[in-house]
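# Structural characterization, general
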Amino acid sequence: MTNTDWPLWEVFVRSRRGLSHTHAGSLHAPDAEFALRNARDLYTRRGEGVSIWVVPSTAITASSPDEKDPFFEPAADKPYRHPTFYEIPEGVKHL
């Protein structure tokens, strides 16, 4: 298998000050372990990351921006999903 045949992996990195992983980029690798090591070398060279996720691109399913209105329409009729009906305690952070 040549490196042109290697699958594409999406890389997500959590920074030292971050609360969540963000998409950092993509790379080709023969397996998950190799992808993780390459992602570490490519996307956290300055030691800014504390966690890395690598996901095969084929495992990601996304909605189409062209279909955003019909796709998200069912959520509009569920007002209970929005925190307007709840009182937030004073000490709660990151909400």
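Just so you know, these numbers come straight off a predicted model, no measurement behind them. (Residues numbered from 1 in each chain as written. Predicted model: local features only at pLDDT ≥ 70, side-chain atom pairs only at ≥ 80, totals over all residues. Heavy atoms only, no water.)

### Focus on the overall build of the protein
A tally of regular secondary structure across the protein gives 2 helices and 3 strands. Across the protein, helices and strands are ordered from the amino to the carboxyl terminus as β-β-α-β-α. Each of the 95 residues in the protein was classed as buried or not, and the buried ones make up 14%. Partitioning the intrachain contacts of the protein with sequence separation of at least 6 by distance along the chain shows that 44% fall at a separation of at least 24. As displayed, the protein has an accessible area near 8000 Å², and 55% of this comes from carbon and sulfur atoms. (Helix = DSSP H or I, 4+ residues; strand = E, 2+ residues; numbered from the N terminus. Buried < 20%, exposed > 50% of the residue type's maximum accessible area, 1.4 Å probe, protein only. Contact = heavy atoms within 4.5 Å. Areas by Shrake-Rupley, 256 points an atom, 1.4 Å probe, with all protein chains shown as cover.)

### Thoughts on helix α1 (residues 32-43)
With 12 residues, α1 should reach 16 Å at 1.5 Å per residue; the first-to-last C-alpha distance of 16 Å fits that figure. Near the N-terminus of α1, the side chain that reaches the backbone nitrogen of E33, with its oxygen 3.3 Å away, is that of D31. (Expected span 1.5 Å × (residues − 1). Polar contact = N/O pair within 3.5 Å; in protein donor to acceptor, adjacent residues only side chain to side chain.)

### Thoughts on the pairing of strand β2 (residues 22-28)
In this structure, strand β1 (residues 8-15) lies alongside β2, joined through 6 bridges in antiparallel fashion. Across the sheet, residue F12 finds its bridge partner in β2, namely H23. Between β1 and β2, which pair antiparallel one after the other, the connecting turn spans 6 residues. (Pairing = 2+ DSSP bridges.)

### Quick notes on the pattern of salt bridges
Going through the model one piece at a time under the given rule, you end up with 2 salt bridges. Across the salt bridge formed by E33 and R37, the nearest N and O atoms sit 3.3 Å from each other. Taken together, the residues span about one helical turn, with E33 and R37 both in helix α1 at a distance of 4 residues. Classification of E33 by relative accessible area gives partly exposed; the value is 44%. Between R40 and D41 there is a salt bridge, and its shortest N-O distance comes to 3.2 Å. Relative accessible area serves as the criterion here: at 41%, D41 is assigned to the partly exposed category. (Salt bridge = Lys/Arg side-chain N within 4 Å of Asp/Glu carboxyl O.)

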